[in-house]
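In case you want the letters, here they are:
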Amino acid sequence: MNETKPVLWNRNFIQCCISYFLMNFSFYMLMPTMPVYLVEVLKINPSEVGVALSSYSIGLLCVRPFSGYLVDCFSRKPLYLFAFTVFACMFTGYLFATTVLTIMAVRFIQGGFMGMTSVSGNTIAIDVIPSRRRGEGMGFYGLTINLAMSLAPLVAVAVYDRYGFHPLVLVGLAIALVGVGSVCLIRYPKREKVERPPFSLDRFILVKALPTALAYLLSAIPYGMVVSFVVLYGKEINVSNPGYFFIFMAIGVGTARLISGRLVDHGKIHLVSISALVFLTLSFAVFALFHNEIVFFASALAIGIGFGVCVPAIQCLFVNVAPHHLRGTATSTYLTSFDFGVGIGMLAAGFIASHADLATAYLVGSGCCLVSLLVYLRWVRPSYEKYKLVD
């Protein structure tokens, strides 16, 4: 007897996807244009540009662990709306910031509220997705950030070249405010008050998911290496247009996420996760060892497929061991482990490249994926089977 499949694409889920896409689109418009603006217009020393840009990551990492606690303690939609509104308004700060210190301050605050926005938005999305279609739903939800990361730089460069940085900032502000409006359209029931347990680490970190967090952090290290240094790597090995790497990678992620979530929902969560980690290990090894354009872009597609398969499964590993009142903490732990991994990857790639080369860095990234696989087999799988909850 066939059971009726619960509806995934309802009004609330659609608005969750739209708002998350607009938040990331508005922010990633700054990524390719901010360094050019700082160096060419504000005449800031290139050595200080990295410091100015990284302040966003510091703000994000400072806030995310506490965001999960706030999301679990307070009504989620008002918190999401408040954080998103402040995030959007911080775009105006770029109109007045003209020194490294002021730009660092704006990016630090905006990064912090982006961290809170992403945690609350992800948690609401998890709440509105039917539990039987959670893997599929989180796959589509996560796809929105990949679309934003791929499309935003294309739009941003065109706007910047024609109009300059300040009009670009105003476009980003407008897009973010439309995202705020999208949040208002989410129909999210008011939560009943839940008594919080005595003070414990579980308020800020989902302790049951720490093995998964370690595995995810390790797999995120090569991702950080890719997003920060792949263009330079492409130039090192004489690839004519290395920037296209991100387009191929986005295609891989998008294609994989259309099917990986459904496999997770059909009970294949360990098969999906293990296969993805094996695939990523091999993809980064090939990327590091073979130097030509065909391998470069084929690896971009393969790496995108690997992460596209891996991420929905990994997120479900966090969410499925957390009761409803700790879903914010689960989401925060999931995002924080990824952010730490990306940060380590950025620093490690620069350090390794200064002593060897970027090919060596990506070979180390392949090793990180292999260690992640071993952690998964040894600790993640048995821990998940012990603590997983049935909705």
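What counts, and where the lines are drawn
Residues numbered from 1 in each chain as written. Predicted model: local features only at pLDDT ≥ 70, side-chain atom pairs only at ≥ 80, totals over all residues. Heavy atoms only, no water. Helix = DSSP H or I, 4+ residues; strand = E, 2+ residues; numbered from the N terminus. Rg over C-alpha atoms; globule rule 2.2 N^0.38 Å. Buried < 20%, exposed > 50% of the residue type's maximum accessible area, 1.4 Å probe, protein only. Contact = heavy atoms within 4.5 Å. Areas by Shrake-Rupley, 256 points an atom, 1.4 Å probe, with all protein chains shown as cover. Lys, Arg positive; Asp, Glu negative; His and termini not counted. Charge placed at Lys NZ, Arg CZ, Asp CG, Glu CD. Phe/Tyr/Trp six-rings, centres within 6.5 Å; stacked < 30°, edge-to-face > 60°. Core = buried A, V, L, I, M, F, W, Y, C linked by side-chain atoms within 4.5 Å. Axes fitted to C-alpha atoms, helices over the stretch in contact; angles between N-to-C directions. Parallel < 35°, antiparallel > 145°, perpendicular 65-115°, else oblique. Left-handed = near helix turned anticlockwise from the far one by under 90°. Nonpolar A, V, L, I, M, F, W, Y, C, P; charged D, E, K, R; others polar. Polar contact = N/O pair within 3.5 Å; in protein donor to acceptor, adjacent residues only side chain to side chain. Disulfide = S-S within 2.5 Å.

Enquirer: Mind laying out the overall build of the protein chain, listing which residues take part and the relevant values?
Expert: When helices and strands are tallied, the protein chain shows 13 helices and zero strands. The C-alpha radius of gyration of the protein chain comes to 20 Å, within 12% of the 21 Å expected for a compact globule of 391 residues. Taken along the three principal axes of its C-alpha coordinates, the protein chain extends 60 × 45 × 40 Å. In the protein chain, buried positions account for 55% of the 391 residues. The long-range share in the protein chain, meaning contacts at least 24 apart out of those at least 6 apart in sequence, stands at 86%. Accessible area of the protein chain: about 17000 Å², with a carbon and sulfur share of 70%. The distance from the centre of the 27 positive side-chain charges to the centre of the 17 negative ones in the protein chain is 8 Å.

Enquirer: Lay out the packing of aromatic side chains with the relevant residues and their values.
Expert: Enumeration over the complete set of coordinates arrives at 28 aromatic pairs. With a centroid separation of 6.3 Å and 40° between ring planes, the pair formed by F27 and F87 is classed as tilted. Placement of F27 in helix 1 (residues 11–28) and of F87 in helix 4 (residues 76–89) is noted, with a sequence separation of 60 residues between them. Under the relative-accessibility criterion, F27 is labelled buried at 0%. A ring pair is formed by F318 and Y334, whose centres lie 5.7 Å apart and whose planes are at 65°; its orientation type is edge-to-face. One end of the pair, F318, is in helix 11 (residues 293–319); the other, Y334, is in helix 12 (residues 327–355), and 16 residues separate them in sequence. Of the two residues, F318 and Y334, both sit in the buried class. Grouping aromatic residues by their ring pairs yields a cluster made of F27, Y28, Y80, F84, F87, F91 and Y94.

Enquirer: Explain unusual backbone geometry to me, and be specific about the residues and the numbers.
Expert: Of note in this structure, K43 is not a glycine but carries a positive phi near 60°. Along the chain, the position of K43 falls in the loop between helix 2 (34–41) and helix 3 (46–73).

Enquirer: Got a sec to walk through the nonpolar core? Specific residues and values, please.
Expert: A general trend in soluble globular proteins is that nonpolar side chains are found buried together. Formed by 68 residues in total, the largest nonpolar core has its most connected members in Y233, F245, F284, F287, F296, I303 and Y362. When residues of this core are traced back to their parent elements, those giving at least two are helix 4, helix 5 (100–128), helix 8 (210–236), helix 9 (245–265), helix 10 (269–289), helix 11, helix 12 and helix 13 (358–387). Setting aside chain neighbours within four positions, we find F287 in contact with V230, Y233, F245, F296, S299, I303 and Y362. Judged by nonpolar contacts, the second largest core, of 56 residues, contains F27, L38, L60 and A125.

Enquirer: Which residues make up the environment of I124, and what values do they have?
Expert: Among the structural elements, I124 can be located in helix 5. Classification of I124 by relative accessible area gives buried; the value is 0%. Measuring from C-alpha to C-alpha, the distance between I124 and G328 comes to 8.7 Å, with 204 residues separating the pair along the chain. Once residues within four sequence positions are removed from consideration, I124 is found in contact with C16, R76, K77, Y80, I186 and Y188.

Enquirer: Tell me about the packing of helix 1 against helix 6 (residues 134–163), and please be specific about residues and values.
Expert: In the contact formed by helix 1 and helix 6, the axes pass within 8 Å of each other and the chain directions differ by 30°. By the angle between their directions, the pair helix 1 and helix 6 is classed as roughly parallel. For the crossing formed where helix 1 meets helix 6, the hand is right-handed. Listed contacts from helix 6 to F13, C16, C17, Y20, F21, N24, F25 and Y28 of helix 1 are G137, F140, Y141, T144, I145, L147, A148, M149, L151, A152, P153 and V155. When the residues that make up the contact of helix 1 with helix 6 are grouped by side-chain class, the tally is 17 nonpolar, three polar and no charged.

Enquirer: An account of the side chain of S219 is requested, with residue identities and associated values reported.
Expert: Take S219: it is sitting in helix 8. S219 gets classed as buried once you look at its relative accessible area, which sits at 1%. Of note is the side chain of S219, whose polar atom sits 2.9 Å from the backbone oxygen of Y216. Not counting the four nearest positions on each side in its chain, S219 is found in contact with L277, F307 and S372.

Enquirer: So what's going on with the packing of helix 5 against helix 6? Which residues, and what values?
Expert: The N-to-C vectors of helix 5 and helix 6 enclose an angle of 145°; their axes lie 10 Å apart at closest approach. Viewed along their axes, helix 5 and helix 6 form a crossing whose handedness is right-handed. Contacts from G121, N122, A125 and I126 in helix 5 reach R134, M138 and Y141 in helix 6. Among the residues making up the contact of helix 5 with helix 6, the classes are represented as four nonpolar, two polar and one charged.

Enquirer: Summarise the state of the cysteines; cite the residues concerned and give the values.
Expert: The final tally for this structure, using the stated rule, is zero disulfides. In this structure C310 is not part of a disulfide, and its nearest cysteine sulfur, from C369, lies 8.3 Å away. Taking the relative accessible area as the measure of exposure, C310 reaches 1% and is therefore buried. C310 provides the cysteine sulfur closest to C316, a residue in no disulfide bond, and the two sulfurs are 12 Å apart. Judged by its relative accessible area of 2%, C316 falls in the buried class.

Enquirer: Tell me what's going on with the environment of Y94, and back it up with residues and numbers.
Expert: The topology assignment puts Y94 in the loop between helix 4 and helix 5. Under the relative-accessibility criterion, Y94 is labelled buried at 1%. In this structure, the C-alpha to C-alpha distance between Y94 and R107, residues 13 residues apart in sequence, is 8.8 Å. With residues up to four places along the chain from it excluded, the contact list for Y94 reads L30, M34, V106, R107, Q110, F165, H166 and V169.

None of this, on its own, says anything about what the molecule does.
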